[in-house]
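# A structural walkthrough
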Amino acid sequence: MRVISIKQDVEAAGCNEESGVVRKVNKPLARRDFLKGSGLLLGTLASGSMLAALAPSTAWALELKKLSTAEGKTLMAMGRVLFPHKKLPDAVYALLSKDLDAKAAGDAGAAKILQDGVAYLNKSTGGNFAKASAKQQYELVLSMEGTVFFATVRGQCVTSLYDNDMAYAVFGYPGSAWEKGGYITRGFQDLKWLPAPSKEASPPPFMG
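Let me begin by describing the structure that accompanies this report. (Residues numbered from 1 in each chain as written. Predicted model: local features only at pLDDT ≥ 70, side-chain atom pairs only at ≥ 80, totals over all residues. Heavy atoms only, no water.)

### Quick look at the packing of aromatic side chains
Note the following rule: The pairing test for Phe, Tyr and Trp rings, Trp by its six-membered ring, is centres within 6.5 Å, and the orientation test on the planes gives stacked under 30 degrees, edge-to-face over 60, and tilted for anything in between. Helix and strand assignments come from DSSP, with helices taken as H or I runs of at least 4 residues and strands as E runs of at least 2, each series counted from the N terminus. Think of it in three bands: with a 1.4 Å probe and only protein chains considered, a residue is buried below 20% of the maximum accessible area for its type, exposed above 50%, and partly exposed in between.
Inspection of every chain in the model, using the stated rule, returns two aromatic pairs. Arranged with centres 6.0 Å apart and planes meeting at 75 degrees, the rings of Phe83 and Tyr162 form a pair that is edge-to-face. Here Phe83, found in the loop between α2 (69–82) and α3 (90–106), pairs with Tyr162, found in helix α6 (residues 148–162); they are 79 residues apart in sequence, far enough to count as distant. Using a relative accessible area of 26% as the deciding quantity, one classes Tyr162 as partly exposed. On the numbers, 6.1 Å between centres and 40 degrees between planes, the contact of Tyr162 with Phe171 is tilted. Here a set of aromatic residues connected by ring pairs shows up, and it is made of Phe83, Tyr162 and Phe171.

So this is what it looks like as structure tokens:
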């Protein structure tokens, strides 16, 4: 399987098959420019992890234009409750806060929904939802199912958490293959997280 680069500032042109660089989703892992937003999410990738080996730096930063740092952290924590993945680093969940912040920055109604929902989460957990116990977080989020706030956050999770190069690397997705003739010669039978099938159940692909 190809190694997926999560290097910063790769242009969103086509894929370069020889280099193995996959087209970047425009969601940066790190920012070196001066950050001027209302909030800032900071963190590091675990030393020795697969993503730390692929990234240009173990440090990452994401700017928030409308939401505060505390609100961004609360939304990151809620994202982990809704879609828990131990292997996904905080940097991926920070993308959820970044995208929700973009909604809030462009829509006053969305901003109120998100800020009111975050305030409720924090108030209900003694002031800091992100530091509450896993049981308390789960029960509180579950009690909000059916609200507009819950639907907004859960809906954004689907793209924010899974449509980025960091998630691709963690889950073993090698990127788009249709423009290169499909997956027959690009990882068709290299699944690693299930037992290998017998040759009778999974014969070699027919190459014509």
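Picking up where we left off.
### Topic: helix α5 (residues 134–143)
Given 3.6 residues per turn, any residue in an α-helix points the same way as the ones three and four places further on. Inclusion rule: The directions from the helix axis to the C-beta atoms form the arc being described. A contact between two residues is defined here by any heavy atoms of the two lying within 4.5 Å.
Where α5 is concerned, the buried positions are Gln137, Leu140 and Val141. On an axial view of α5, the arc spanned by its buried residues comes to 95 degrees, and they lie on one face. Turned more than 90 degrees off the buried face of α5, the exposed positions are Lys135 and Ser143. Tucked inside the fold, the buried residues of α5 contact α2, α4 (108–124) and α6.

### Observations regarding the nonpolar core
Operational definition: Put simply, buried Ala, Val, Leu, Ile, Met, Phe, Trp, Tyr and Cys residues joined by side-chain atoms within 4.5 Å make one nonpolar core.
Grouped together as the largest cluster of nonpolar side chains are 41 residues, with contacts concentrated most on Met78, Phe129, Phe149 and Val153. By residue number, the principal contributor to this core is α3, which donates eight residues.

### What to know about the pattern of salt bridges
Threshold: By definition, a salt bridge exists where a carboxyl oxygen of Asp or Glu is found within 4 Å of a side-chain nitrogen of Lys or Arg.
Going through the model one piece at a time under the given rule, you end up with three salt bridges. Here Asp90 ties to Arg80 by a salt bridge, and the two come within 3.1 Å at their closest N and O atoms. Here Asp90, found in helix α3, pairs with Arg80, found in helix α2; they are ten residues apart in sequence, far enough to count as distant. The class for Arg80 is partly exposed, based on a relative accessible area of 27%. A salt bridge links Asp116 to Lys112, with the nearest nitrogen and oxygen atoms 2.9 Å apart. In this pair, Asp116 and Lys112 both sit in helix α4, four residues apart, roughly one turn of the helix. For Asp116, a relative accessible area of 42% corresponds to the partly exposed category.

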